[in-house]
Amino acid sequence: MQPPTFSSSHKSLDQLNLLATREHLLNAVRAAYWRMLDDGSLSGVPASFLMSSVDEATDAVPQEPLCDWRSLKVFIDFRTCDKVFNMGIFPRWLVTFLAMKRLQFACYICVAFLRAHRSARRKLGDFMGETEIVSIVLNESEAEEREAAKLLEEICLAFPQVLGSVRMTQVVCSMLHVLKDYIQNLEVEGLLEEKLGIILHDLLMSGFKKPYDNTLLAKIPRMRDVVNAHPLLGRLPSEVRHALEGSMKQVIKPRDTILCEEGSMPKSLWLIQNGLLKCEIKNSNSSRSVMRTPAEELVLGLYEILSGKPCIYEISTDSFALCYVLEAKTLLPLLMHNPSLENLFWQESVIVLAKLLLPEVLEKLTMQGFRALITERFSMSTHAGGETMVIPENSIVFLLGGVLTNQELPGVVIEPPAVLLASHQSLASSSSEIPAPWRSGFCHYGYQYQVETIARTAYIDTLGWSPGSSASSLTYGGGNMALV
């Protein structure tokens, strides 16, 4: 935030008023933390960090705007812990437990910080009225709050149970404080014996400790449940599922963690149960398209493993994410011993390619609906070199392997992965404008293609279906998970 400017005649006075107003707001924030301690909604350890942040921000008032969130952000930075957790020193169950404790601590900090700043702004406005100086300080407070709110939103998106645990703990402690005051009133009025009052007081003190010591932060699914609930893995034979259960590892990744790097071969598959993903893909005109999507049953990286081609995109987390890692060297032997499963995995990889290469076409169709469409209307084919391949009018064709040339556009070589459409109107809406992703260089139009090398293709029949059509009749049972 840029420092405020004042007229030269009132510069020194206005600056003094600004510094005093900042201190008033920080004092109100500190008082709010004390009230939370008194009513039981804040425990001692988070409170000490919060109080320390106010002290540091107060010392920095003459030099810069409000900055109490900056010191808190250092304390709750998950990336430092992530490096330590993934050194391989600790057992996996302990890493998961410590990571969830860290997220719970961050939730306590964020909730208390937001509550304190909102209370302080309200009290400052009531006390000092609406002036230019007050407006500046309130804007500084709101800017601090936005960072805390963003972090809390990321945690809640991936682990809503953690925030629920924090809120439940605060409610329980508030109720215990009410009960404590009630017991004290009974003692003052002589309605409760002193010995019984001491016993009840000790029971309450032990009750105050239990909510904060509660280790059931969030219910982490068992590996068996994860495999059985996934739309792809749950359809595999039991012996294959058991092999996957013993090979998968559970990790928690912070925001902006790169899972698949463009131009590299993925060494692992990442099953993302909770969180958001950010996909960045390079277009033919050297521009880049960025897509943010929930981790809804996608299998990112599976196409690269099956085809042996490097990633055409970069995949990173756009929030905290609960991941299950499966190494590629574990999956490939399973496919070699079970060749009948290959078509199922190719079908899953096409779902991801459609999501990445035709995002605007599929944005009005739920992932469950599109999966049902794939299940009902999917077929695969192999074309020999020298063959002429004809694209049906009502279909989407995905080139998964081999090389083609467009007979209508001599000299244009098409390499996988690519989407082949008979014409611009194959999936277009009433608008004559071609959606931006279709111009990315991965979509090609034409009725006939010359097969240069053996080509593997996947066909989806779209007769009677359009991007805007209702998918209410298409249902599929599956959890919100993804493989990367």
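Let me begin by describing the structure that accompanies this report.

Reading the values: the criteria
- Residues numbered from 1 in each chain as written.
- Predicted model: local features only at pLDDT ≥ 70, side-chain atom pairs only at ≥ 80, totals over all residues.
- Heavy atoms only, no water.
- Phe/Tyr/Trp six-rings, centres within 6.5 Å; stacked < 30°, edge-to-face > 60°.
- Patch = residues over 30% accessible without salt bridge, like charges linked within 9 Å, V, L, I, M, F, W, Y side chains within 5 Å.
- Areas by Shrake-Rupley, 256 points an atom, 1.4 Å probe, with all protein chains shown as cover.
- Salt bridge = Lys/Arg side-chain N within 4 Å of Asp/Glu carboxyl O.
- Helix = DSSP H or I, 4+ residues; strand = E, 2+ residues; numbered from the N terminus.
- Buried < 20%, exposed > 50% of the residue type's maximum accessible area, 1.4 Å probe, protein only.
- Axes fitted to C-alpha atoms, helices over the stretch in contact; angles between N-to-C directions.
- Parallel < 35°, antiparallel > 145°, perpendicular 65-115°, else oblique.
- Left-handed = near helix turned anticlockwise from the far one by under 90°.
- Contact = heavy atoms within 4.5 Å.
- Nonpolar A, V, L, I, M, F, W, Y, C, P; charged D, E, K, R; others polar.
- Pairing = 2+ DSSP bridges.
- Lys, Arg positive; Asp, Glu negative; His and termini not counted.
- Arc of directions from axis to C-beta.
- Core = buried A, V, L, I, M, F, W, Y, C linked by side-chain atoms within 4.5 Å.

Description of the packing of aromatic side chains
For step 1, the next point in the chain: A full pass over the atoms with the stated rule returns four aromatic pairs.
For step 2, the next point in the chain: Pairwise contacts between aromatic rings join F49, F75 and F105 into one cluster.

Details of a nonpolar patch on the surface
For step 1, the next point in the chain: A contiguous nonpolar surface patch, about 310 Å² in accessible area, is contributed by W93, F97 and L98.
For step 2, the next point in the chain: Checked against the element boundaries, F97 lands in helix α5 (residues 92-128).
For step 3, the next point in the chain: A residue is classified by how much of its surface remains accessible, and F97, at 30% relative accessible area, is partly exposed.

Comments concerning the packing of α5 against helix α7 (residues 160-188)
For step 1, the next point in the chain: Orientation of α5 relative to α7, taken along the N-to-C sense of each, is 60°, at an axis distance of 9 Å. Of the possible angle classes, the one that applies to α5 and α7 is oblique. Here α5 and α7 pass one another in a crossing that is right-handed. The segment α5 lies against α7, with M100, L103, Q104, C107, Y108 and V111 engaging V162, L163, S165, V166, T169 and Q170.
For step 2, the next point in the chain: Grouping the constituent residues of the contact of α5 with α7 by class yields eight nonpolar, four polar and no charged.

Some points on the pairing of strand β7 (residues 321-327)
For step 1, the next point in the chain: Summarising burial for β7: six of the seven residues are buried, a large majority.
For step 2, the next point in the chain: Looking at chain direction, strand β1 (residues 249-253) and β7 are connected through five bridges and run antiparallel. Counted as the bridge partner of Q250 is Y324 from β7.
For step 3, the next point in the chain: Bridge analysis of strand β3 (residues 268-274) against β7 gives six bridges, and the strand direction is antiparallel. Bridge assignment links I272 to a residue of β7, and that residue is C323.

Points about the side chain of E245
For step 1, the next point in the chain: Among the structural elements, E245 can be located in helix α10 (residues 238-245).
For step 2, the next point in the chain: Buried and unpaired, E245 has no salt bridge, with R224 as the nearest side chain of opposite charge at 4.1 Å.
For step 3, the next point in the chain: If we skip the residues at most four places from it in the chain, E245 touches M223, R224, V227 and N228.

Concerning helix α12 (residues 328-337)
Since the α-helix packs 3.6 residues into each turn, any two residues three or four apart lie on the same face.
For step 1, the next point in the chain: The set of residues buried in α12 consists of A328, L331, L334 and L335. Along the axis of α12, the buried residues cluster in a sector spanning 125°; they form a single face. Summarising the geometry of α12, the exposed residues directed more than 90 degrees from the buried face are K329, M336 and H337.
For step 2, the next point in the chain: On its buried side, α12 packs onto α10, β3, α11 (302-307), β7 and α13 (342-357).

Overview of the environment of V54
For step 1, the next point in the chain: Along the chain, V54 falls in helix α2 (residues 44-59).
For step 2, the next point in the chain: Every residue in contact with V54, bar those within four places of it in the chain, is listed here: L26, V29, R30, Y33 and D68.

Section: the nonpolar core
For step 1, the next point in the chain: Counting 122 residues, the largest nonpolar core has Y33, W69, F159, Y313, F345, F398 and I460 as its most contacted members.
For step 2, the next point in the chain: If you tally residues by element for this core, the top one is α5, at 16 residues.
For step 3, the next point in the chain: If near-sequence neighbours (up to four positions away) are discounted, F159 is found in contact with M100, L103, I252, F320, A321 and L322.
For step 4, the next point in the chain: Core analysis: the next-biggest nonpolar cluster, separate from the first, contains 13 residues, A422, Y449, V451 and A455 among them.

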